[in-house]
Amino acid sequence: MLSTVSHMPVIAWAAAAACLSGAATLLLTPAMIKAAHAFDWLDYPQADRWHATPTALMGGVAMYGAGALALLLLGPLAGVGTDVGLIGGGATLLFAVGMVDDLWGVGPTTKLAAQVGAAVLLMAAGHVFGPEWPLWASAPVTLVWVIGITNAVNLLDNMDGLAAGIGGIAAVALTAFAAAGGALPAALLGGTVGGAALGFLWFNAKPARIFMGDCGSLVLGYGVAALAVMGQGAVAAGPGVAVLVPICALAVPILDTTLVTVARTQAGRPVTNGGQDHTSHRLVTLGLSESAAVGTLHGMSAVAGGVGLTALVVEPTLFYAACAFGTVALGVIGGSLGRLDVYRTARVGGDGAPSVSMGPSSNAQAGQGRWQTVAAYLVGDGLLIGGALSATHALVGSGGLGSGGLAGGEGVPIVEEALLVGGVQLAVLYAMGLYRRLWRHAGTPGIARIVGTILLAQAATAGGLALVYGLGAVSAPLLMVDGVILTLGVLGSRLGLRGLQRGASLYRSRVAPAESTSNVLLYGTGERGMLALRALRDAEETDRVPVGFVDPDPSKQNQVVQGLPVFGGTGACADLCREHDIDEVIVAVGDAAADREQEVARQCAEVGVACRSFDVHMKPLGAGREDSTHGEPMPGPPA
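Definitions and cut-offs
Residues numbered from 1 in each chain as written. Predicted model: local features only at pLDDT ≥ 70, side-chain atom pairs only at ≥ 80, totals over all residues. Heavy atoms only, no water. Axes fitted to C-alpha atoms, helices over the stretch in contact; angles between N-to-C directions. Helix = DSSP H or I, 4+ residues; strand = E, 2+ residues; numbered from the N terminus. Parallel < 35°, antiparallel > 145°, perpendicular 65-115°, else oblique. Left-handed = near helix turned anticlockwise from the far one by under 90°. Contact = heavy atoms within 4.5 Å. Phe/Tyr/Trp six-rings, centres within 6.5 Å; stacked < 30°, edge-to-face > 60°. Buried < 20%, exposed > 50% of the residue type's maximum accessible area, 1.4 Å probe, protein only. Salt bridge = Lys/Arg side-chain N within 4 Å of Asp/Glu carboxyl O. Nonpolar A, V, L, I, M, F, W, Y, C, P; charged D, E, K, R; others polar. Core = buried A, V, L, I, M, F, W, Y, C linked by side-chain atoms within 4.5 Å. Pairing = 2+ DSSP bridges.

What about the packing of helix 3 (residues 59–78) against helix 4 (residues 81–103)?
Part 1: Relative orientation of the contacting elements helix 3 and helix 4 amounts to 165°, with a least axis distance of 11 Å. The angle between helix 3 and helix 4 falls in the class roughly antiparallel. Crossing hand, helix 3 versus helix 4: left-handed. In contact with Gly60, Val61, Tyr64, Leu71, Gly75 and Pro76 of helix 3, helix 4 contributes Gly81, Val84, Ala91, Thr92, Phe95 and Met99.

So, in structure tokens, the structure goes:
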């Protein structure tokens, strides 16, 4: 009987572990909710937290207990007890440290030491990142990987259902990859981690009845990090494929940690401090509800995991292209969200976007130098060029048109070709000024400029290839395919921000009341403007929909504040009203700028748009007497 059980297919072991771990989590979590309320293990609302009511902690106890039960029962039956036992020891170490932190608090040094110890136990079990690399390279990378992913998942636990959902999705993708290669220990661990995470999601989804706490998020992060390392040697594929697959599966935690680290560094804030500047918070600032923000990140994680799994069914060159394009897409999303002015704002509750200005702008984009912008574009375009070249090789290069890729002839070294094509095309893109302008509101002329630049780049590429390899080596069909793919990629990277803004606006219009609404343009991005926006967003019944800002300060133009774009200065009001179908302009600048109010009013009258001034009134209250100042408007906060 034991022999029969031990020869079960790998995928069956993964499914059994997932079912056992998930069922145990569903049974243990309600008990932990009761225990948390009985012992006051509750997470109370705080200024830097997202929840509004006291919520049970220690959900990680149920997750850890369910996972330990599954591994202890199934590990010996599958014959992988020792292998999985060392990794379970690492999880136990992190669980203990996380539980102490939840109850009494521990310093970052203690957490880091525990993570290093868990990484060492993973390597002691014979698993390293990049199994084909020399030990002097793979060991430190494994250490960085385990610490980085463990903390990334821990930081991602900032909104109901977010970390549990993304951890579960990543575990499913990594388990499928490991099972396809017959890696039984990884598949067993993956089923256990995925089952516990998705089982806990039932209680952690909005509105959350319990949080996993550090004792859960640290173990979950370590579990998916270890799973990613264990499955790398399972599938024989092209160079680097086994390394890229786990990066794809964990792309969302990596994106979130990178975005937070870069944004806080540029804003001069300590990276280790908490805050509401994560990817999920920025999506809410953009206008999504909390549930929609979490669902969006779950969807992104599923897509990224799916891209990783394509390595099992497509040739490596096409997989490389998908990874390159996906990296650029994540970069566009991260760059777009990074422009949101989250450090000036404080959340006001519910699912609404933050809407109270707290100080001077710390917008990451505002502090970004020109050379950083150009460097980001060069890296992104380099990935697009490499991805287009790889896709061209995969689609037509090996399909009878020769192995020489764009050169179209045999014997052309692919590395030399890639360097030549990349250098020529990047030089043309730079020379044609694609890095010297903003692409946040590009229209038809911008699209035409991109298409023309790509055509010129392809012509220059053909000339370079002909000069180096001879005229007969150039393949026009391959150049055309490469040009089409590259054009679509460059258009997407340049117009991605505009698409995200339009998508957020469409979402807001879909969830808004069905009655007739009026588009509102706000004049002024100072504190009075923020109060006006808050009044519009907080009104329970309103037919006014904010579309954007106008501000005379050039440094604020072409930024995104509170999820709304700052279109331009005073002189653009009339044109903006026509372009964006504005029904009303609300001026919120104060009495000190009466001349600007008059100019805005004149432009509104020119296009037939209503114009109103936003002000704050304070009325003195008296007991049985009149006051001469009753109803007198008082100056509001300075703009």
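Section: the packing of aromatic side chains
Part 1: Enumeration over the complete set of coordinates arrives at five aromatic pairs.
Part 2: Where Phe39 meets Trp41, the ring centres are 5.0 Å apart and the plane angle is 20°; that geometry is what we call stacked.
Part 3: Judged by relative accessible area, Phe39 falls into the exposed class, the value being 56%.
Part 4: Trp41 gets classed as partly exposed once you look at its relative accessible area, which sits at 24%.
Part 5: Taking 6.5 Å as the distance between ring centres and 50° as the angle between the ring planes, the aromatic pair formed by Phe319 and Tyr320 counts as tilted.

Focus: the pattern of salt bridges
Part 1: Within the structure shown, the criterion is met by ten salt bridges.
Part 2: A salt bridge links Arg578 to Glu606; the shortest N-O distance between them is 3.4 Å. Taken together, the residues Arg578 in helix 20 (residues 573–579) and Glu606 in helix 21 (residues 594–607) connect sequence positions 28 residues apart.
Part 3: What makes Arg578 partly exposed here is its relative accessible area of 47%.
Part 4: Because the salt bridges share partners, they merge into one network encompassing Asp575, Arg578, Glu599, Arg602 and Glu606.

A short note on unusual backbone geometry
Part 1: A cis geometry characterises the amide bond from Lys206 onward to Pro207, with omega recorded as -5°.
Part 2: In this structure, Asp40 takes a positive phi of about 60° despite not being glycine.
Part 3: Examined against the element boundaries, Asp40 turns out to sit in the loop between helix 2 (10–38) and strand 1 (42–43).
Part 4: Residue classification places Asp40 among the partly exposed positions, given a relative accessible area of 45%.

Some thoughts on the packing of helix 5 (residues 108–124) against helix 9 (residues 214–230)
Part 1: Running from N to C, helix 5 and helix 9 point in directions that differ by 30°, and their axes come no closer than 11 Å. Comparing the axis directions of helix 5 and helix 9 gives the class roughly parallel. As for how helix 5 packs across helix 9, the hand of that crossing is right-handed. In contact with Lys111, Gln115, Ala118, Ala119 and Leu122 of helix 5, helix 9 contributes Asp214, Leu218, Tyr222, Ala226, Val229 and Met230.
Part 2: In terms of residue class, the contact of helix 5 with helix 9 is built from eight nonpolar, one polar and two charged.

What about the nonpolar core?
Part 1: Of all hydrophobic cores here, the largest spans 79 residues; its most connected members are Ile87, Leu122, Trp145, Leu188, Leu189 and Tyr222.
Part 2: Leaving out residues up to four positions away in the same chain, Leu122 has contacts with Ile87, His127, Thr142, Val146, Tyr222, Ala226, Val229 and Met230.

Some details on the sheet that holds strand 8 (residues 610–613)
Part 1: Strand order in the open sheet formed by four strands is 4-3-7-8, and the pairing between neighbours is parallel. The outermost strands of the open sheet, each flanked by one partner alone, are strand 4 (544–550) and strand 8. Strand-to-strand twist of the sheet, defined as the mean angle between neighbouring strand axes without regard to direction, takes the value 25°.
Part 2: Of the strand pairs in this sheet, strand 3 (residues 518–523) and strand 7 (residues 584–587) are connected by four bridges, and their pairing is parallel. Note on strand 7: the bridge partner recorded for Leu521 is Val585.
Part 3: Sheet strands touched by helix 21: strand 3, strand 7 and strand 8. Its angle to strand 8, the strand with the most contacts, is close to 160°.

A few points about the pairing of strand 4
Part 1: Strand 4 sits mainly inside the fold: five of its seven residues count as buried.
Part 2: Relative to strand 4, strand 3 runs parallel, the two sharing six bridges. In the sheet register, Leu521 faces strand 4, and the bridge partner there is Gly548.

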